[in-house]
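# Architecture at a glance
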Amino acid sequence: MKDISEYSADTSIYELSSHLYERIINRKINTFSELREYTSGITRGSQIQIVLMNAFKLIRNLHWGFFKDIDYPSYPKVWKEIVIPDTDYKYAGNLKRNMTISSIYIAMLDIHGYTKFCRQSNRNLSMLELLDSFMQGDIGKITQENNVVSRRARGDEIILVGTNATDIINSVLSIIDYFSKRKIINNDELSRRRPGAKIILPDMHVTAGIAGGKIYTPLIITEDGDLSGDVVNTAARLQARANKISPTETRVVITNHVHHRFLKEQKKADVSHEHSLRFFNSGVIEFKGTAISLYILLFREKDFYHLNYQDEMLALYDSLKRGLWKNKVFPDLLNLLKKVLNSMPGFKITAKLGNGNHLTLQNLELIKICDNSLGCYSERRNYSKALNLLDRICTYLESIPIFDILVLDYAVSINKIYNTILDTYKSEIENLLESKIDKILSQEELITYSLVKKHFQIYEELRNYVRNSGELVNKKALWYKIIDKENDKLRLSIYSGKV
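Treat the numbers as computed from the prediction; the structure is a model and nothing was measured.

## Concerning the nonpolar core
Core analysis: the largest hydrophobic core is formed by 79 residues, its most contacted members being W325, L337, F403, Y418 and W479. Of all the elements, helix α14 (residues 405–440) adds the most residues to this core, at 15 residues. Excluding its chain neighbours within four sequence positions, the residues that come into contact with F403 are L337, V340, L341, M344, L397 and L408. Judged by nonpolar contacts, the second largest core, of 42 residues, contains Y38, F56, V78 and I104.

Here's what the structure looks like:
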């Protein structure tokens, strides 16, 4: 049978099936609509119905790519969102290709430790097969329970697609719990234990980015069934951001739209994850010209201490947004650092001093240095010392493995900007020093100054005395003047590009 026109009552069901399958495989029929049109002249009987159903499964397998395994009974929510259903055949339909979808969520997950495990087990095929079954089969079953489609990509990456924030977040949390040998999700409905021999697989951390939640989401499903569009790119960049702020630990970063929709869904369903989930506002991040407000999802009790400094973090965001570099950004940053140091678990670090000695620092000692820096800036107007102390603080914080990397990011970036101001400020002070030194020092001091000018140490001490004198200049006014002058350069944005 070369054409459907040759079909007759005597044509076997197997010959018809073979003919249709051949046309589908050769891409002469790519959609269920085309299949219906091609077979429109055939009387529909029960056997023909079976042929069309199987032919549709083949179309789905060959042309639906990411969604090749979905059907209405297994994924009813996703089906309604990404399929244009056939009016007569409830089991079939056409995949939306380049359309604006009203409710779609994408999660990108990266599995830490996967590559290391594969390298260590490269001669143990049974272990590699166990891990492959773990990722290929088990993850799909977990997400299907939440009406979320999952696909493995590039070995250690997993992509999830769902139709509401609750389903996608629940799926991500269940996967995180499954990759851990110990229970880390304080919710029995979401917690997943490894069955049988898979308990011997190692702990693996997960970083994830979740995007979506906008009223209209442009999602492109290519001819091969791959996913493309802004929501996919955003999820990938959020996952990269999660990797940056948590390179060795599990971390989930979501957009403000996902956060808003999740809370709205919880309220509508009269269900609350309040006992197990928290959200930390992590500010605005720029992604290639687009600014997105982000939240970090907190699901382990040991991480809830981050919320202790949420107010200080929000105060810093506001100061930066309003450009209050004169009198708000610096104190807001130091108050934030103090609150973090006071809230986080205890630590002890050893810092090397310039004279070869070592200094042991714990939370309280660093808080005192922050107080000193803040006092130099806000009360004593000693901006040079304030920034010098902030330099030291940033160096110390970088050596604390458990310190919040997001906060450190802001501290280092703000410190860098203030140091550009300090360079100009110092230059202005030096110019004023030479012109006004005779009005500040006594005659005897001027004689001494002239005599010891060649001796660097004494010379610098006297100059520092003049620099710090309130008679030299209204330092606060000068500092503010320079900030106004450099205002165009005073813009801080945390950028996260592709990894």
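## Points about the packing of helix α11 (residues 329–343) against helix α12 (residues 363–378)
Where α11 contacts α12, the axes come no closer than 9 Å and their chain directions differ by 170°. In terms of orientation, α11 and α12 fall into the roughly antiparallel class. In the crossing of α11 with α12, the sense of the turn from one axis to the other is left-handed. Seen from α11, the contacting residues are F330, P331, L334, N335, L337, K338, L341 and N342; seen from α12, they are N363, L366, I367, C370, D371, S373, L374, Y377 and S378.

## Quick word on the side chain of N281
The topology assignment puts N281 in strand β11 (residues 278–287). Take N281: its relative accessible area is 17%, and that puts it in the buried class. Polar side-chain contacts of N281 include one of 2.9 Å to the backbone nitrogen of G283. The residues contacting N281, other than those within four sequence positions of it, are L294, Y295, Q310, M313, L314 and Y317.

## Describing the pattern of salt bridges
Pairs may arise between side chains of opposite charge once their charged atoms sit close together. Applying the stated criterion to the full structure yields 19 salt bridges. For R36, the salt bridge identified is with D86, shortest N-O distance 2.9 Å. With a gap of 50 residues between them, R36 in helix α2 (residues 32–38) and D86 in the loop between β1 (83–85) and β2 (93–95) connect regions that are remote in the sequence. Among the ionic pairs, D69 bridges to K68, the shortest N-O distance being 3.6 Å. The class for D69 is partly exposed, based on a relative accessible area of 40%. Through salt bridges that share partners, E430, E434, R463 and R467 make up one connected network.

## As for the environment of T11
Mapped onto the elements, T11 comes out in the segment before α1 (13–25). For T11, a relative accessible area of 13% translates into the label buried. Separated by 450 residues in the primary sequence, T11 and E461 have C-alpha atoms spaced 105 Å apart. The contacts of T11, once residues within four sequence positions are left out, are M1, E6 and L16. Among the polar contacts made by the side chain of T11, one reaches the main-chain amide nitrogen of S8 at a distance of 2.9 Å.

## Considerations on helix α8 (residues 230–245)
The terminal C-alpha atoms of α8 lie 22 Å apart, and with 16 residues this matches the ideal 22 Å at 1.5 Å per residue to within 8%. Burial of α8 is extensive: 12 of the 16 residues sit out of reach of the surface. Residues of α8 that are buried include every one of V231, V232, T234, A235, R237, L238, Q239, A240, R241, A242, N243 and I245, and no others.

## Regarding the pairing of strand β10 (residues 251–255)
Where a strand is regular, its side chains alternate between the two sheet faces. In terms of residue burial, β10 counts as a mostly covered element, since 5 of its 5 residues are buried. Across the two faces of β10 the burial is the same, with R251, V253 and T255 and V252 and I254 all buried. As defined by bridge partners, strand β7 (residues 205–212) adjoins β10 across 4 bridges and the pair is classed as parallel. Within β10, the residue paired with I210 across the bridge is I254.

## Regarding the side chain of H112
Here H112 lies in strand β4 (residues 105–112). Judged by relative accessible area, which is 18%, H112 ranks as buried. Engagement of the side chain of H112 in a polar contact is seen with the side chain of T207, the distance being 3.0 Å. Beyond its immediate sequence surroundings of up to four residues, H112 is in contact with M204, H205, V206, T207, N243, S246 and P247.

Cut-offs applied
Residues numbered from 1 in each chain as written. Predicted model: local features only at pLDDT ≥ 70, side-chain atom pairs only at ≥ 80, totals over all residues. Heavy atoms only, no water. Core = buried A, V, L, I, M, F, W, Y, C linked by side-chain atoms within 4.5 Å. Buried < 20%, exposed > 50% of the residue type's maximum accessible area, 1.4 Å probe, protein only. Helix = DSSP H or I, 4+ residues; strand = E, 2+ residues; numbered from the N terminus. Contact = heavy atoms within 4.5 Å. Axes fitted to C-alpha atoms, helices over the stretch in contact; angles between N-to-C directions. Parallel < 35°, antiparallel > 145°, perpendicular 65-115°, else oblique. Left-handed = near helix turned anticlockwise from the far one by under 90°. Polar contact = N/O pair within 3.5 Å; in protein donor to acceptor, adjacent residues only side chain to side chain. Salt bridge = Lys/Arg side-chain N within 4 Å of Asp/Glu carboxyl O. Expected span 1.5 Å × (residues − 1). Pairing = 2+ DSSP bridges.

Purely spatial values, then, with no claim about function.
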